[in-house]
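Architecture at a glance
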Amino acid sequence: MPTIKLTSVDKQYDKSSPVKAVDDLNLEIGDGEFMCLLGPSGCGKTNTLRMIAGLENLSEGAIQVGERLVDSANDGVFVPPEKRGMGLVFQSYALWPHLTIERNTDFGLRLRKVPKAEREERVNHVMKTLGIEQYRDRYPSQLSGGQQQRVALARMLAVNPEVLLLDEPLSNLDARLRLEMRAELKRIHSAFGTTIVCVTHDQWEAMTLATQIAVMNQGTLQQVGTPEDIYDRPANRFVAEFVGSPPINIVEMHDGGDAGLRQALRAHLQGDYAHGAEIASVGMRPENIQIAASPAAVSDSDFQRPMVVTAVLPTGGSWIVEMEDNGSQLFATTNQPPVLNAGDKGVYSLAPGAMHSFDGKGARLQPLAEEARATQNIRVAG
Amino acid sequence: MKYRLRIGWREPTALIGVLLTVLFAYLIVVPIISLLYDSIEIQFGDGRRAGGQMGDLTTYYFDRALFSPVASDLFWEPLSHTLSVSAGAITLSLSIGGMLAWLLARTDMFARRWFATALIVPYMLPSWTFALAWRTLFKNREVGGQPGWLESMGYTPPDWLAYGQVPITVILALHYTPFVILLFGNALRRFDSQLEDSARILGAKPGTVARQIILPLMLPALMSATVLIFAKCLGEFGVSYVLGLPVDYDVLATSLYRSISSRQPGVAAVIAMAILLIGVVSLLIDARLVRESRRFVTVGGKGSMNRKTRLGIYRLPATAIAAIIFVLSVCLPLFVLMASTVMKVPGLFAWDNFTLDYWIGENLDTVAYTTGILYTSDLWNAMWSTLRIVGFASLCSGLLGLLVGYVVVRSPVRPVGSFLRQVTFFPYLVPGIAFAAAYLSLFAVPRGPIPALYGTAAILILALMADQMPYASRAGISAMMQLGKDPEEAAQVAGAGWFRRMIAVVIPIQKGALVAGVILPFISGIRGLSLFVILAVPGTDVLTTFSLRLLDYNYTQAANAIVLIISAIAYFGTLAAQKITKTNLADGLGG
C-alpha cells in the first residue's frame, strides 16, 4: 500500500480572484492510515479528496501515490481517475439506478475483464462481508439508506483499491445507522488494510474513525495529528473551537468581559509558559470545569473563581451548566446531577494544565512542562 | 346512507361536479363518438355508392380509405409521409436538441443563460412561420405568384428543396428542437455527476461512461421526447399545407383537410379516427415509459452534484454552433419574413426596392387589398374575432380548469373527481385536427336542442375550450392541491357560505394560477391553426386562417405580415405570462 503525498497543492477556480479553494496544502498520508479531513463546509476538504481521486485538476503543486507521480501542475503529469486504482464513495452513494446491486458491484471487475469465476468469487466475498448478498437482484431504489451505503462501499471494495476515498460517507444516515456504519468502516479498515481518506464535517466521526485527522479551514491546513493531539493539543484557536461540543470556552485576555477574571487567569498561568510569552486568549473545555457549592470542595492548586449559575440544561445522562463570572459567560458539562440550580451562587475550578493558551495570532502556546517532556523524550530516543 | 347523501349534497361542490361531468362528457366524449358513427354510417349523398340508405351502417368508408384503389392517395401515402417526416424531424431535433441541451446544462459554454431563453423562442412562434419564410426564400417557378428570393436572384431551387419532405422535415425539426432542449435539459440537470465519477474511479473511460451510465439513464427522457414530438407531428397541419401542397405531398392532417373540404365526411372520419388512434397509442406508450422510468429515480438527493464540463478550446466553437442554430431557427426566418413585407422585388437588396406599401400603402394596383395590410378592415376584423374567440375560450377554460381542480381535490364523491381528471386530459391525446373533425361531425347539423353551430363563433369557442382543457385543468388541479383545505375551512368556521368563500378566499389566492391558466392557452390558441382551418368560415376568420387564405391567393407579403403579427403576440404574450406568474416556459410544456 502506498503513501499519498500532496506537495504545495493549490486549487483556484477563478484565476482573477485571490480566493483559493485549497491553498498551499502539504499533507502526507501514510500506508494503512485512516485519515480524516475535517473542517466546516467550504473549507476545501472535498476539493482535496477530488484532487487525490483525479476528478479535479490541480492549479499548483503535485500529488504522489507511492513512487508514482499522478498529478503535477508544473510537469504536466496527469493520470486520469480511471487509471489511479482508487475507490471513492460519495455522499449521495451515486449508485447506478438502472443496474442491479450485483451489476453495480461487479461493474469495475467487468471493466477489468476479470474472468467470470474469479469475478463471482470476489463479488460474493465482498457482498458477504458487508451483508448485502440477499439484495443482489434488487435495484438501488429498493434499498434503504444504510443498505445503499453498503453497496456503495462494496462496489469500490470489489476492485481491491489501494486507496479508498470517502466523501461524507455517513451524513445521509440516521443516528443509529451512522453508529453501525462507523463500526463497520472501522472493521473494514482493519480487515482490508486499505489506506482510507475520509472527508467529514462531523467531529465525532473523525474522532472515532481516524488514526490521523487533518483539520482544514478556508483552504488551508490547520493541524495534522492523532485524534488525541487534535483534542488535547489544538494547534490554534480555530482547531480548539471547531472540535468539541459544547464548544470550548474562550476568554479574550485583552478586552471584553471582566477584568478580574483576566487578572486571575494571568496570575494562574504565569509560570506555565516561557518568559515573555504573550497570552491573547485562554480556552477552557467545558468538561474540564468542575462546579461546586463552596470553595471548600476544591483543591488548592486549582484555578478557582466564584460564579452564578444562569441555567441548567439536562441532555440525558449529562448536564450542561451555563454560568456567569462577572459578565463572562461560561459553559461546563458534568455527568453528575449538578448540585446547583439556576440563580445559585457557587465556584468553578479547573485542574492545573487544563487550560489552553493562544497568542495574538491564535497559535497555541506550548506550556513549559510539555516542552520539557518533549526534550526528555528526544533524549531518551537519542 | 341518507345521512351520507345529505352530507355529500350539502355543499355545492357535488352539484358543480355533476354539472362539469355532464359538460365535459358533451364537449369531449360525445364528439369522438359522433366521429366514430360518421365513419360507419352512410352519409348524405353517399347512399347509392355505399349501397344503402343514409344512416345505415356500412364499411364503405373504411373500405374506401384503407383498401380501395384511391386508398393509397387518401390514407397510405399520407401515412407513410407522416411517418417519414416525423422520423426525420425526431432524428434531427433529437441530435441538435440533445447537443444543445448538453451544452446548456452541463458545460461552461459562453452566454448559457441567454441561450437558454433564446433557443426556446422557435417554440413560442407558430410552426408555419418557418414554412412561410422557407417559401419566401425557396419558392420556384412551379407555383404562380411572386417568386421566391432565390428564383428572382436567378437561381431556380429544385422542387425537392423548395417543397415537400425535405423542408417540412427541417422545419418541424427546428420547431421541436426547443422541446428536446427543455425535456432533455431538465433530465441532464437532475443527473448526478457523481454517477459518472464513480464509474471513472472504477476504471471506465469517458466513452464507456457515456455508453453504460449516461445513455441508459437518459433513455426515458429521450423516449419521452420522441413520442411527444411524434404525437405533435401527427397533428401538424400548417407546415405541410404551406410546403406540401405545391407538389401534392400529403400527410395525414392535410389529407383529412382535403377530405373535409371535398365533402367526404365519412372518409374524413376514418382518417381522423386513425390519427386519433395513433395519437392515443403513442401517448399511452409515453405514459408507460414515464412509469417505467420511475424505477430509475436517483435516490440520495443530498450531496448530488451537477458539475460543468470545461470545454477548453472548444468553448468558442460550441458557442458558435449554438449561435448558428439560433440564427437559423429564429433570426433568419423572422428576417426573411420581415424583409419580404418591405420589398417590391423579392430578394433584391437595393435601396429603392424597399417600400412600406404592403403595410401602410394606399391605392395599390392589386386586384384586392388595394391598401396596405394595416389599413385593411379584414385584418382588424380578423384580429378582433381572434381576440374575442380565443380570449373568451381561454377565459372559460381557465375558470373551468380552476373549478375542475376544486372538484377533483374537494369532491366527496371520488368517481366524479377521477372522471373529470381523466376526461379533461383526454384532448391532450388527440391531435387538434382530429378533434376539429370530431366537432364538425357533431355540430354540423342540429342535434336535439342544440342548433347547427358550424359557421358560428360558438363552435370555435367550444372546440378551443375542449382543446385547452388538459392544460387548464392540470394547472387548476395542482394549484388546488397546493392550496390545501385550511384557508377555506378557516373561512367556513368564520361563517362564510360557499359562494362567499369562493369570491373572498379561493379566487383571490388562486389569482396567479388563474392568470396563467388563461394566458397560456390564449397564446397557444392564437398561433393555433389546425382547429380553425377546419371549423372557421370566412365570417369567423381569425388571424391564422386569414393569413392562410391570403397565401392561397398569393398575397405573400400580406400573409407574411400577419404571421409576423401573430409571432409578436405569441412571443410577447409568453414573456408577459412568465413575468406575471414568475414561472418558466419549461413548466408549461406542451402548449
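Since we're looking at a predicted model, the values are computed, not measured. (Residues numbered from 1 in each chain as written. Chains lettered and ligands numbered in written order. Predicted model: local features only at pLDDT ≥ 70, side-chain atom pairs only at ≥ 80, totals over all residues.)

Let us now look at the domain arrangement of chain A. All names here are of chain A. Split into domains, chain A comes out as domain 1 (4-241) and domain 2 (249-381). Distance from the C-alpha centre of domain 1 to the C-alpha centre of domain 2: 37 Å. At the interface, eight residues of domain 1 touch eight residues of domain 2. (Domains from an automatic or database assignment. Contact = placed C-beta atoms within 7 Å.)

The subject of this paragraph is the environment of Ile565(B). Relative to the assigned elements, Ile565(B) resides in helix H28 (residues 556-581). Along the sequence, Ile565(B) and Met383(B) sit 182 residues apart, while their C-alpha atoms lie 9.8 Å from each other. (Helix = DSSP H or I, 4+ residues; strand = E, 2+ residues; numbered from the N terminus.)

This part takes up the nonpolar core. Of all hydrophobic cores here, the largest spans 272 residues; its most connected members are Ala272(B) and Ala437(B). Counting contributing residues, this core receives three or more from each of domain 1 (4-241) and domain 2 (249-381) of chain A. (Core = buried A, V, L, I, M, F, W, Y, C linked by C-beta atoms within 7 Å. Buried ≥ 20, exposed ≤ 12 C-beta atoms within 10 Å, placed from the backbone.)

With respect to the helices and strands, Pro78(B) occurs in helix H5 (residues 71-106). Not counting the four nearest positions on each side in its chain, Pro78(B) is found in contact with Asp250(B), Val251(B), Leu252(B) and Ser255(B).

All names here are of chain B. The UniProt entry lists residues 79-286 and 383-577 under the feature "domain: ABC transmembrane type-1" (unreviewed entry), expressed in the numbering used here. Helix makes up 78% of residues 79-286 and strand 0%. Its end C-alpha atoms lie 21 Å apart. Its end C-alpha atoms 20 Å apart, residues 383-577 is made of 79% helix and 0% strand. (UniProt positions renumbered as here; feature names shortened; annotations may be inferred.)

Residues and elements named next belong to chain A. Strand order in the open sheet made by the six strands is E7-E8-E9-E3-E10-E11, with mixed pairing throughout. Both edges of this open sheet fall to strand E7 (86-89) and strand E11 (220-225), since each of them pairs with a single strand only. Shown here is a sheet whose adjacent strand axes are inclined to one another by a mean of 15°, direction ignored. Relative to strand E10 (residues 212-217), strand E3 (residues 34-38) is paired through four bridges, and the arrangement is parallel. Paired with Met-35 across the two strands is Gln-212, which belongs to E10. (Pairing = 2+ DSSP bridges. Axes fitted to C-alpha atoms, helices over the stretch in contact; angles between N-to-C directions.)

Take the confidence of the model for chain B next. When pLDDT is low, close inspection of the predicted coordinates is not appropriate. Residue and element names in this part refer to chain B. Mean pLDDT over chain B: 81, with 92% of residues reaching 70 or higher. Looking over chain B, one finds the lowest element-wise mean pLDDT in helix H1 (residues 2-10), namely 64, and the highest in H5, namely 91. Within the model, the stretch residues 299-303 combines pLDDT values under 50 with 15 contacts to residues more than four positions away or in other chains. Reported confidence for the predicted complex is 0.75 by ipTM and 0.75 by pTM. (pLDDT = per-residue confidence, 0-100.)

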